[in-house]
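One-letter residues, chain by chain:
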Amino acid sequence: MGRVTSNRRMMTVRLRDGQLYHSEKPDTVAVEEPLDIRLNGQKLSLTMRTPGHDVELIHGFLHAEGYIQHREDILEARYCDGAVVEDESGFARNTYNVMDFTTAPGVMTRGGHGPVGHPDTTAAGGGADSPMGADGRTILPVVQKTFITSSACGVCGSTSIDDVVHRTRYSITDDFTVKPADLLRAQAQLSDGQKVFQRTGGVHAAALITPDGTAEVLREDVGRHNAVDKVIGWSLLNSQMPIRNRVLLVSSRASFEIVQKAAMAGISFVACVSAPSSLAIDTAERFGMTLAGFVRAGRDEDNGRFNVYTGAQRIDLEGTAS
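The residue count restarts for each chain, going from 1 along the sequence in the order it is written. Selection of residues for local features in this predicted model requires a pLDDT of at least 70, selection of side-chain atom pairs for listing and counting requires 80 or more, and totals for whole chains, interfaces and linings are taken over all residues. Water and hydrogen atoms were dropped before computing side-chain values, which therefore reflect all heavy atoms in the structure.

S.K.: Help me understand the overall build of the chain in this model?
M.R.: What counts as a helix is a DSSP run of H or I of at least four residues, what counts as a strand is a run of E of at least two, and both are numbered from the N terminus. A count of helical and extended segments in the chain gives seven helices and 15 strands. A simple rule labels every residue: compare its accessible area, found with a 1.4 Å probe on the protein chains alone, to the largest value its type can have, and call it buried under 20%, exposed over 50%, or partly exposed in between. By the burial criterion, 51% of the 322 residues in the chain qualify as buried. Counting only contacts in the chain whose residues sit at least 6 apart along the sequence, the fraction spanning at least 24 positions is 58%. Throughout, a residue-residue contact means that at least one pair of heavy atoms, one from each residue, lies within 4.5 Å.

S.K.: Quick question: what am I supposed to make of the side chain of Ser-6 here?
M.R.: Mapped onto the elements, Ser-6 comes out in strand β1 (residues 5–16). Given the relative accessible area of 8%, Ser-6 is considered buried. One polar contact links Ser-6 to Arg-8, side chain to side chain, over a distance of 3.2 Å. Those residues within four positions of Ser-6 in sequence are excluded, and the remaining contacts are Asp-27, Thr-28, Val-29 and Val-31. Each polar contact in these results corresponds to two N or O atoms within 3.5 Å; when the atoms are within protein, one needs to be able to donate a hydrogen and the other to accept it, and residues that are neighboring in sequence are counted only if both atoms are side-chain atoms.

S.K.: Looking at this model, I keep getting lost on a nonpolar patch on the surface. Mind explaining?
M.R.: Together, Met-11, Val-13, Leu-15 and Leu-20 make up a nonpolar patch on the protein surface, roughly 450 Å² of accessible area in all. Counting residues per element, the nonpolar patch draws most heavily on β1, at three residues. Mapped onto the secondary structure, Val-13 falls in strand β1. Residue Val-13 is classed as exposed on the basis of its relative accessible area, which comes to 56%. Any residue with relative accessible area above 30% and no salt bridge may belong to a patch, with like charges joined within 9 Å and the nonpolar Val, Leu, Ile, Met, Phe, Trp and Tyr side chains within 5 Å. Only the protein chains shown count as cover for residues, and the accessible areas themselves come from Shrake-Rupley with a 1.4 Å probe. Criterion for a salt bridge: a side-chain nitrogen of Lys or Arg within 4 Å of a carboxyl oxygen of Asp or Glu.

Shape descriptors only; they carry no functional weight alone.
Structure follows, in structure tokens:
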């Protein structure tokens, strides 16, 4: 398995009181490697990610895009044996950068119906004429569209709120509340729990937080959307879908794709340490989700602040001075 950090030599340059200084020293950087995602033997997506928790990442990705609903929808997940390189030893070495997921019988296209949650794929070459395997799985047009995913931009194929409304299968019904002090404590603990970030300063984190501020699972990745896919994939693999009574806390801004992934998983509360985008706010409002931004704990547990853009009813304001 690829490393999550790498050691490199670098030069530091400083200007102090008009005097220029420089020196060379080692530095630890976050690893970014490609992950070629294949579904039933076909290329589906190429994403740049931090190696580790790849199975969770792909489960979360496939769920967000409507290809699977449950962990049982995936029959097998394996690194492809052919993805090897020759190293200096002369022996073949698996790169662990290509994964093929095989779906269970009946999960994919039959008789003109697209993948789980997707519209008819006949126009894209699918449907009744699609070749079938002996076990009933579609052989060819499982891939309705090809995703090219960077570690920054998220999945660039789904760009409208209406599309998310059409594909989501869970309603947002949670009525739990979170105390501001608990949310701020969770943000402070998120920072403390980012082990790779502490070493590199180069990764994002996502965590599922209980209403009392306890982190249930935390994952890091160079891509903020990958970190979200990993925690949602963790929930799917642990048969905890839809995700109820949890806050999705991310160490980045809240973009449309993060709120989209949360909505697809039934998450009603998204909190981020930076700013939300306008489309993220619109999406959260459309689904009845709570969206909090600029969640920043102070130097002690009695200080901190955040903004609430939608769904303020899930914030426990008992005892507020305003």
